[in-house]
Every structure is written in C-alpha cells, then in structure tokens.
Amino acid sequence: MSNIDLIKKINDLKKEKKAIVLAHTYQNVEIDEVADYSGDSLYLSRMAAKTDADIIVFAGVYFMAETAKILSPQKTVLLPNLSAGCAMADKINLEQLRTFKSQYPGVPVVCYVNSTAAVKSEADICCTSANAVEVVKSLNAKEVLFVPDQHLGSYVESQLTDVKVITYPGFCPIHHDITVEDVLEKKSVYPAAKVYVHPECRKNVTQLADFVGSTTAIIRNIKNSSDSEFIIVTEKGVVERLERDCPDKKFILINQKAICDSMKLLHLEDILHALEYNKYEITIDEQIAKKALSSIDNMIKIGA
Ligand code: 13P
Ligand code: SF4
C-alpha cells in the first residue's frame, strides 16, 4: 500500500474508533502525517491527560505509553511494538531505587519520566527534560536524589544555586556517547553554527551549548531564531523535523550514530495494525499506577 493510502486508512480508522495518535519527536518523520499531536515527552503527557478520545496510539517508547495509561487509566492505550523500550529506563528497577534511597534517608526523589511505572511509584515527583530545573526548584530542598539520568541531574544542579543533586548513575547511551570532540569537530567545519544540545548529554557537552533544552524546546527556539546554521546535539528525528519545517536553515546532526533504534521501530503500517487489531494494549498494576500517578500529578501541578 502507498503512504497516501496508508494515511487515509489510518485517518478513517481513527475517526471510526475515536482514537488519536501521539508521536514523539524521535519517531520516523512520516509518522507525523497521522499524528494528532507531535512533540516532547511533557507535551505528549499533557495531551494524553487532556484528550477525550477512547483510544491513544502511542508512537514512542514503552515508558511514554505507560505514562499515558497512568494519566488516562480509563482509556485504551496502544503501543504498536512492544519491543520499543528505552535503554535509560532499563538502568534502574524498583529494588535498585530502594537501595539508592536507603543511603539518603529523608531526601526527596525526583524521577525523570524515562523510567518504569514501578520506579515512578517510589518517587516523590516526576520531571521531563523540559521542566526538570523547575521541578527540582519547586521542592525547596537542600538536597535531592535524581534518577535515573546522571547527566540531566547534573545539568539541573548547574542551573540552580544551593541545591545538591545526588544522581543515580544511569544514562541514555545515544546521548552519553556524544563527546566534546564531536562538537569541536563540527564547530571547526561550521564555525558560525549555533550548538543546540539535549540535557541528556554529558556536562562537558552541555557546557559548549548555545542552547540546552528538550526536543520541543530546541525546535521551538530554532524556529524563532534569526540564526541560519545549527549543530543539533540530540537524536536524528529532531533534524528531520527541522529540515521539513525550516527549509531555509541548515542543520548538522552531531554524528550519524545519534539514532535511537527503539524510536525507529514504527512505520505507518504498524500504526494501522495497532488500530485494526487494538495492539498492543498497555496494562499496569493498579497499586503501582495509583502511586505513579501521584508523582506525575505532582509534576503537572507545578505547571512548568
Ligand atoms: P524529551 O523530553 O525532549 O521528549 O526527550 C525524551 C527523550 O527520550 C530524550 O532522549
Ligand atoms: Fe531512551 Fe535514549 Fe531512546 Fe530517549 S533516546 S528513548 S532516553 S534510549
């Protein structure tokens, strides 16, 4: 079937089943053709909480679909490929978090949404890359524990005075593997280009940035920028969307390894299949979902 036919079939089925498609910025760019909302984790969580659709098809990775289900437990949430995991979320489980917490009694736990529902259920508050600084600030604490991303945690600490952010040693392999040398090499070829970095990168990489932000913040800021050349220090999907939306600007992907394989598993056929056969439905233990919802709600309440 051609993409045009696939898109029409998906859109017809969406109407018939009262379904919406949420697509993360790292998805294959053609998924946006059938997405009702496309953006970063924070934006998609907000849309999942708000929608009056009966079915949410999540074009993203497992923890994102799980978060949508926690926020909208009465809705059917579908992840079209259950192998779409997140290497960062896999870095910590409930038992590891409990052991980490036991070393710092009484210190509040901030949990990056790139984590399992069980880990969220044991945290005080969640955050995304878009609001992590505001979330930590809102706690008014001298010390916080931050899981699982050591780099986002240390970025947050660098943005605040008087808060010690104690990080768990997790990371996203795609962002962790990007080095200072990668940035300097691109800068030497494109000296006028501005450097836009996702905060999952190492501290010495974010220190070289002209702008640090979530995927949506990067795209929004570049659309409003009067500059014309940009080195993009995050996953390839961001570059693909920028090239589509800003044809007059030049984008340089930091390196060809900056691709999240899990995010690339989905194609239009998979979205159609998910809608046709209600595949694959996300379910979460009720007790865990209830506790995880309180951590996510605490984040949403701060409004950042
Ligand atoms: P965003 O918060 O920008 O959606 O990033 C999520 C993510 O998985 C980055 O690797
Ligand atoms: Fe997880 Fe990294 Fe992929 Fe984001 S890019 S979904 S953190 S593995």
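Our structure is the block above this text.
The model shown is predicted, which means the values in this text are computed figures rather than measured ones. (Residues numbered from 1 in each chain as written. Chains lettered and ligands numbered in written order. Predicted model: local features only at pLDDT ≥ 70, side-chain atom pairs only at ≥ 80, totals over all residues. Heavy atoms only, no water.)

Here we come to the pattern of salt bridges. If you walk through the whole model with that rule in mind, you get 11 salt bridges. The salt bridge involving Lys-264 is made with Glu-235; its shortest N-O contact spans 3.2 Å. With Lys-264 in the loop between strand 12 (250-253) and helix 13 (268-277) and Glu-235 in the loop between strand 11 (229-233) and helix 12 (236-245), the pair connects residues that are 29 residues apart, well separated along the chain. For the pair formed by Lys-264 and Glu-235, the shared burial category is buried. Linked by salt bridges that have partners in common, Asp-32, Lys-223, Arg-241, Arg-244 and Asp-245 make up one network. (Salt bridge = Lys/Arg side-chain N within 4 Å of Asp/Glu carboxyl O. Helix = DSSP H or I, 4+ residues; strand = E, 2+ residues; numbered from the N terminus. Buried < 20%, exposed > 50% of the residue type's maximum accessible area, 1.4 Å probe, protein only.)

Moving on, we come to the layout of surface pockets. As a volume, the largest pocket reaches approximately 300 Å³. Tyr-26, Cys-86, Asn-114, Glu-200 and Cys-260 are the residues nearest the centre of the largest pocket, which is lined by 28 residues in total. At the level of elements, helix 3 (62-71) and helix 8 (173-176) are the ones that each hand at least two residues to the lining of the largest pocket. At 3 residues, the largest contribution of residues to the lining of the largest pocket is made by helix 8. Class assignment for the residues of the lining of the largest pocket results in 13 nonpolar, 10 polar and 5 charged. Lining of the second largest pocket is provided by 13 residues; of these, Ser-129, Ala-130, Tyr-155, Val-212 and Gly-213 occupy positions nearest its centre. When residues of the lining of the second largest pocket are assigned to their parent elements, the largest contribution, 3 residues, is made by helix 6 (residues 132-138). In terms of residue class, the lining of the second largest pocket is made up of 7 nonpolar, 5 polar and 1 charged. (1 Å grid on protein atoms, 1.4 Å probe; cavity = no way out; pocket = protein on both sides within 12 Å on 5 of 7 lines; lining within 4 Å. Points joined across faces, edges and corners; volume = space filled by probe spheres on them. Nonpolar A, V, L, I, M, F, W, Y, C, P; charged D, E, K, R; others polar.)

Surveying the vicinity of ligand 2 reveals the residues Tyr-26, Val-61, Cys-86, Ala-87, Met-88, Asn-114, Cys-172, Ile-174, Glu-200, Cys-260 and Met-263. Partitioned by chemical class, the residues of the shell around ligand 2 number 9 nonpolar, 1 polar and 1 charged. (Near = heavy atom within 4 Å.)

All right, on to the environment of Gln-207 then. Within the secondary structure, Gln-207 sits in the loop between helix 10 (203-206) and strand 10 (211-212). Since its relative accessible area comes to 59%, Gln-207 is described here as exposed.

Here we take up the pairing of strand 7 (residues 143-147). By the criterion of burial, strand 7 is predominantly enclosed, with 4 of the 5 residues buried. As paired elements, strand 5 (residues 109-112) and strand 7 share 3 bridges and run parallel to each other. Looking across to strand 7, one finds that Cys-111 is bridged to Val-147. Bridge count between strand 7 and strand 8 (residues 164-167): 4 bridges; the pairing is parallel. For Val-144, the partnering residue across the bridge sits in strand 8 and is Val-165. For the segment spanning strand 7, helix 7 (residues 150-159) and strand 8, crossover handedness is right-handed. (Pairing = 2+ DSSP bridges. Right-handed = clockwise from strand over helix to strand, strands pointing away.)

Glancing now at empty space enclosed by the protein. Taken as a whole, this structure holds 1 cavity of 30 Å³ or more when the rule is applied. Approximately 60 Å³ is the volume attributed to the largest cavity. Around the largest cavity sit Ser-41, Leu-44, Ser-45, Ala-48, Phe-58, Phe-63, Met-64, Thr-67, Ala-68 and Val-113, which together line it. Breaking the lining of the largest cavity down by element, the ones donating at least two residues are helix 2 (41-50) and helix 3.

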